[in-house]
Amino acid sequence: MERSMTTVVTQVTPQDRVSPAGYGLRRRLGRSLVALGASLLAGGFTPALAQAAERIELTFGALGLSIEMKSLEDFVATGEISDELEFYTRFLTPDQLAQVRSALTDRLDINLLAVSQFFNAPQGETILRRLAQVIRTGRNLQSVPALRAAIVRSAADPEGLTPLNLLRYYPTPSMRVDLAQALSLWRQIEETTIHQDQATTAVETAFVAQAGSPITPPPFELRQPGPYATAKTNRVIQPRDRRPFAADLYWPLAATGDRPVVVISHGLGSDRRTYGYLGEHLASHGFIAILLEHPGSDSRYIQALINGEASEAADPREFISRPADVRDILNELETNPQAPGGFTGAIDLDRTAVVGQSFGGYTALASAGAPLNFKRLKTDCASDDLFWNTSLLLQCRALVVRPTPDTDYLSLQDARVKAVVAISPITSSLFGREGIAQLQVPTAILSASNDPIALPLSEQLRPFAQMSIADKYLLVLRGGTHFSTLGATGDETVQLPASLVGPRPDLARDYTKAFITAFLKRYLGNDHTMANHLTPQWANSVSQPELPLYLLSQLSIEQLPRPVAHKPTKNSRWIANRHRPDQPIQAR
């Protein structure tokens with residue numbers, strides 16, 4: 001998923017920069033959850049206290065042990081290790097003990113109402129059902145309500161939502177922690193991390209091989225504004241069959257002739273201003289840039305979830321409505337352009353590109369010709385991957401808009417789209433190998449190696465390798481995250497830590513502007529001189545040590561780690577089936 005709200009980018013210090021990609025991704029796969037699992041496995045210890053409980057029972061198959069709550073509280077508060085606790089901690093080094101103690105108080109700052117609403121939404125309940133296999137009631141029952149209550153009460157505590165408070169507020173007289181289940185979860189985290197590391201290494205190896213060819217790369221000038229002054233207009237479109245939506249349009253003033261069009265689609269929880277910097281930049285280079293706002297999945301919708309006015313993070317109908325927004329804004333431009341004074345060119349809708357980030361990446365690829373793959377969704381949404389690939393929590397909701405049980409594919413293509421750029425897109429199950437292979441227009445995928453939301457291997461690298469088209473590009477920001485390329489809007493409501501944003505977001509935006517400008521000039525403007533900007537040599541020449549840049553046009557599926565299949569579980573099937581209508585939902 002993208003970001004759940006607009007973000008403030010804070011300054012990155014050297015301590016915030018995580019150089020090993022695996023460590024950074026592992027941390028982002030769930031700071032508090034990982035801390036909980038790490039503590040359980042590191043010393044046998046993690047579960048701290050439930051408010052009414054006196055003991056925690058630790059089980060591993062037939063083996064059962066217990067710890068007094070006060071022993072754990074004293075350890076966290078003072079570092080004191082009781083005789084009882086020493087049995088579990090004797091195999092740990094002092095550094096490991098300090099890490100366990102710190103992990104238990106690792107605080108996640110989040111709004112209480114937001115926590116309550118999220119864990120009542122389908123995505124949140126899926127997470128709870130998986131965690132309930134680890135943390136159970138004293139009678140060894142899985143209880144989602146108990147976990148939800150513990151999380152909400154922990155978030156209300158002055159010390160905040162921490163693993164320690166989560167266990168402290170578990171609302172039963174006693175609680176059990178299944179160490180075998182915890183070990184299984186931890187191994188899945190490790191497996192995911194290892195595969196992401198291997199994939200990044202594979203990309204780097206291919207990049208080094210392809211960058212060795214002799215060529216003089218062009219300078220980094222396309223990150224600078226182009227020759228045209230720009231003007232911004234806005235409008236609201238009111239389709240007959242669904243909700244209205246707004247758009248900002250950036251126009252290249254004094255540009256003559258037919259001007260190509262670029263539609264930009266934001267991610268979940270963002271809005272049309274998030275990539276305003278990119279829209280204005282493209283307009284200065286001669287494109288008409290249109291930034292859409294998708295009301296069923298924008299920042300206001302997330303706020304509605306927090307306020308209790310929405311039941312989940314995105315309206316499932318957005319899987320249909322978003323590509324329809326692209327179609328409708330192009331239709332509106334054709335019949336009612338409303339160009340500003342000073343624009344002297346013409347609008348060439350037959351040379352349109354769509355650029356999108358995360359959920360917007362899906363929007364872009366669907367508009368360009370990749371069909372929704374309900375057959376793949378049905379299979380993948382019954383897998384344990386649903387828990388660790390967090391983007392699947394969103395992707396699986398597309399099953400709600402399946403027109404009929406017999407519908408395997410649904411095309412949302414607009415034939416006017418002649419090129420596509422997808423930034424950290426969610427793709428693996430929405431399209432699958434079969435859907436992504438149907439793309440027939442020049443395609444660029446931007447990926448970030450430390451993305452914890454849309455995992456690079458499954459969501460970008462494998463899909464890129466599965467594309468059958470010749471004109472395709474993969475740009476990878478090593479050390480970048482899901483949020484690296486987002487622009488500030490000025491009224492951010494949530495501040496993400498610098499480690500989650502990634503190093504040098506300013507540089508990430510410069511990479512994005514330069515590369516996308518060159519790609520669109522080449523494939524919408526038919527400017528063959530731009531080809532030298534789309535080479536590994538160019539990427540190598542502009543790459544900075546703080547945020548290394550890789551660019552490939554070829555990557556085979558054999559060069560990437562093979563996926564590991566997980567067995568379907570009752571809990572992983574739940575999110576796909578919840579709220580499934582008897583009749584198809586129409587685009588709103």
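Keep in mind that this is a model prediction, so the values were computed, not measured.

Here is what the cut-offs are and how they apply
- Position numbers for residues start from 1 in each chain and track the written sequence from start to end.
- For a predicted model such as this one, the threshold for reporting local features is a pLDDT of at least 70, and the threshold for listing and counting side-chain atom pairs is 80 or more; totals across whole chains, interfaces and linings nevertheless cover every residue.
- Derived side-chain values reflect all non-hydrogen atoms in the structure, with water molecules and hydrogen atoms excluded from consideration.
- Secondary structure elements follow DSSP: runs of H or I of four or more residues count as helices, runs of E of two or more count as strands, with numbering from the N terminus.
- Throughout, exposure labels follow a simple rule: accessible area from a 1.4 Å probe, protein chains only, divided by the maximum for the residue type, with under 20% read as buried, over 50% as exposed, and the rest as partly exposed.
- It only takes one pair of heavy atoms within 4.5 Å for two residues to be counted as in contact.
- Only the protein chains shown count as covering a residue, and every accessible area follows the Shrake-Rupley method with a 1.4 Å probe.
- Two strands form a pair only when DSSP identifies at least two bridges running between them.
- Lines are fitted to the C-alpha atoms to define the axes, a helix being fitted only along its stretch in contact, and any angle between axes, read from their N-to-C directions, falls within 0 to 180 degrees.
- We define a salt bridge as a contact between a side-chain nitrogen of Lys or Arg and a carboxyl oxygen of Asp or Glu at a distance within 4 Å.
- Any two cysteine sulfur atoms lying within 2.5 Å of each other are counted as a disulfide.
- What counts as a ring pair is set by centres within 6.5 Å for rings of Phe, Tyr and Trp (its six-membered ring), and what kind of pair is set by the plane angle: stacked under 30 degrees, edge-to-face over 60, tilted for all other angles.
- Put simply, a charge is over a ring when the Lys NZ or the Arg CZ is close to the ring centre, within 6 Å, and near the line of the ring normal, within 35 degrees.
- Whenever a nitrogen or oxygen atom comes within 3.5 Å of another N or O atom, the pair is scored as a polar contact, on the condition that within protein one atom can donate a hydrogen and the other can accept it, and that pairs from neighbouring residues in sequence are kept only if both atoms are in side chains.
- Among buried residues, those of type Ala, Val, Leu, Ile, Met, Phe, Trp, Tyr and Cys that are joined through side-chain atoms within 4.5 Å constitute a nonpolar core.

So, the overall build of the chain
Next up, step 1: Secondary structure assignment for the chain yields 23 helices and 17 strands.
Next up, step 2: Looking at the 588 residues of the chain, the share that counts as buried comes to 61%.
Next up, step 3: The contacts of the chain with a sequence gap of at least 6 include a subset with a gap of at least 24, amounting to 79%.
Next up, step 4: Total accessible area on the chain is roughly 22,900 Å²; 50% of this is exposed by carbon and sulfur atoms.

A look at the sheet that holds strand β7 (residues 245–252)
Next up, step 1: Within the open sheet, the nine strands sit side by side as β6-β7-β9-β8-β10-β13-β14-β15-β17. Their pairing is mixed. Edge positions in the sheet fall to β6 (230–237) and β17 (549–552), since each of these pairs with one other strand and no more. Direction aside, the axes of adjacent strands within the sheet are offset by 20° on average.
Next up, step 2: Bridge count for strand β15 (residues 472–477) against β17 is four bridges, and the pairing is antiparallel. Its bridge partner being in β17, L477 is matched across the sheet by L549.
Next up, step 3: Together, β8 (258–265), β10 (346–357), β13 (417–423) and β14 (443–448) form the strand contacts of helix α14 (residues 359–368), whose direction differs from that of β10 by roughly 140°.

Focus: the environment of D408
Next up, step 1: The topology assignment puts D408 in the loop between α17 (391–395) and β12 (409–410).
Next up, step 2: Under the relative-accessibility criterion, D408 is labelled partly exposed at 31%.
Next up, step 3: Separated by 33 residues in sequence, D408 and K375 have C-alpha atoms that sit 5.0 Å apart.
Next up, step 4: When residues no more than four places from it in sequence are discounted, the contact partners of D408 are L372, N373, F374, K375 and R402.

Some details on the pattern of salt bridges
Next up, step 1: Under the counting rule described, the total for this entry stands at 25 salt bridges.
Next up, step 2: Residues D248 and K232 are paired through a salt bridge, measuring 3.7 Å at the closest nitrogen-oxygen approach. With a gap of 16 residues between them, D248 in strand β7 and K232 in strand β6 connect regions that are remote in the sequence.
Next up, step 3: Of the residues examined, D248 reaches a relative accessible area of 5% and is grouped as buried.
Next up, step 4: By relative accessible area, which is 48% here, K232 ends up partly exposed.
Next up, step 5: Sharing partners across several salt bridges, the network here consists of D241, R242, R243, E318, R322, D325, R327 and D328.

Brief notes about the state of the cysteines
Next up, step 1: This structure, assessed with the given rule, holds one disulfide.
Next up, step 2: Here C381 is linked by a disulfide to C396, with a sulfur-sulfur distance of 1.9 Å. On the sign convention where negative is left-handed, the bridge of C381 and C396, at about -100° about the S-S bond, is left-handed. You can see C381 sitting in the loop between α15 (374–380) and α16 (385–388) and its partner C396 sitting in the loop between α17 and β12, a full 15 residues away along the chain. Taken as a pair, C381 and C396 share a single burial class, namely buried.

What about the packing of aromatic side chains?
When we look at a pair of aromatic rings, we describe it by the centre distance and by the angle of the planes.
Next up, step 1: Tallied over the entire structure, the rule returns 13 aromatic pairs.
Next up, step 2: Taking the centre distance of 6.2 Å and the plane angle of 50° together, the rings of Y473 and Y523 count as tilted. Placement of Y473 in strand β15 and of Y523 in helix α21 (residues 505–523) is noted, with a sequence separation of 50 residues between them.
Next up, step 3: The buried category is assigned to Y473, whose relative accessible area is 10%.
Next up, step 4: An angle of 20° between the planes, with centres 6.3 Å apart, marks the rings of F515 and F519 as stacked. Of this pair, F515 and F519 both sit in helix α21, four residues apart, which is roughly one turn of the helix.
Next up, step 5: For F515, a relative accessible area of 0% translates into the label buried.
Next up, step 6: Taken together, the aromatic side chains of F319, F359, Y362 and F431 make up a single cluster linked through ring pairs.
Next up, step 7: The positively charged end of K472 is found above the aromatic ring belonging to F464, 4.6 Å away from the centroid.

A word on the environment of Y473
Next up, step 1: Along the sequence, Y473 and V421 sit 52 residues apart, while their C-alpha atoms lie 9.3 Å from each other.
Next up, step 2: Sequence-distant contacts of Y473, that is, excluding residues within four places in its chain, are made with T443, A444, I445, F464, F515, F519, Y523, L534, L551, L552 and S553.
Next up, step 3: Reaching out from Y473, the side chain makes a polar contact with the side chain of Y523 at a distance of 2.7 Å.

Description of unusual backbone geometry
Next up, step 1: Even without a glycine there, the phi angle at A254 is positive, about 70°.
Next up, step 2: On the secondary structure map, A254 appears in the loop between β7 and β8.
Next up, step 3: We note that R504 has phi near 45°; this positive angle belongs to a residue other than glycine.
Next up, step 4: Tracing the backbone shows R504 in the loop between α20 (498–501) and α21.

Here's the deal with helix α12 (residues 299–306)
Next up, step 1: Most of α12 sits inside the fold, with six of its eight residues counted as buried.
Next up, step 2: The complete set of buried residues in α12 reads S299, Y301, I302, A304, L305 and I306.
Next up, step 3: Backbone geometry just after α12 places G308 at a positive phi near 85°.

Some details on the pairing of β10
Next up, step 1: Where β8 lies against β10, eight bridges are found, and the strand directions are parallel. Looking at β10, one finds that D258 is bridged to A346.
Next up, step 2: Inspection of the sheet shows β10 paired to β13 by six bridges, in the parallel sense. Among the inter-strand pairings, V354 is bridged to a residue of β13, identified as V420.

Some points on the nonpolar core
Next up, step 1: Counting 124 residues, the largest nonpolar core has Y362 and F515 as the members making the most contacts within it.
Next up, step 2: The dominant element in this core, judged by the number of residues it contributes, is α21, at 10 residues.
Next up, step 3: For F515, the contacting residues outside a window of four places in its chain are A444, L446, Y473, L475, L534, W538 and L551.
Next up, step 4: Of all hydrophobic cores here, the second largest spans 37 residues; its members include L92, L161, A182 and L185.

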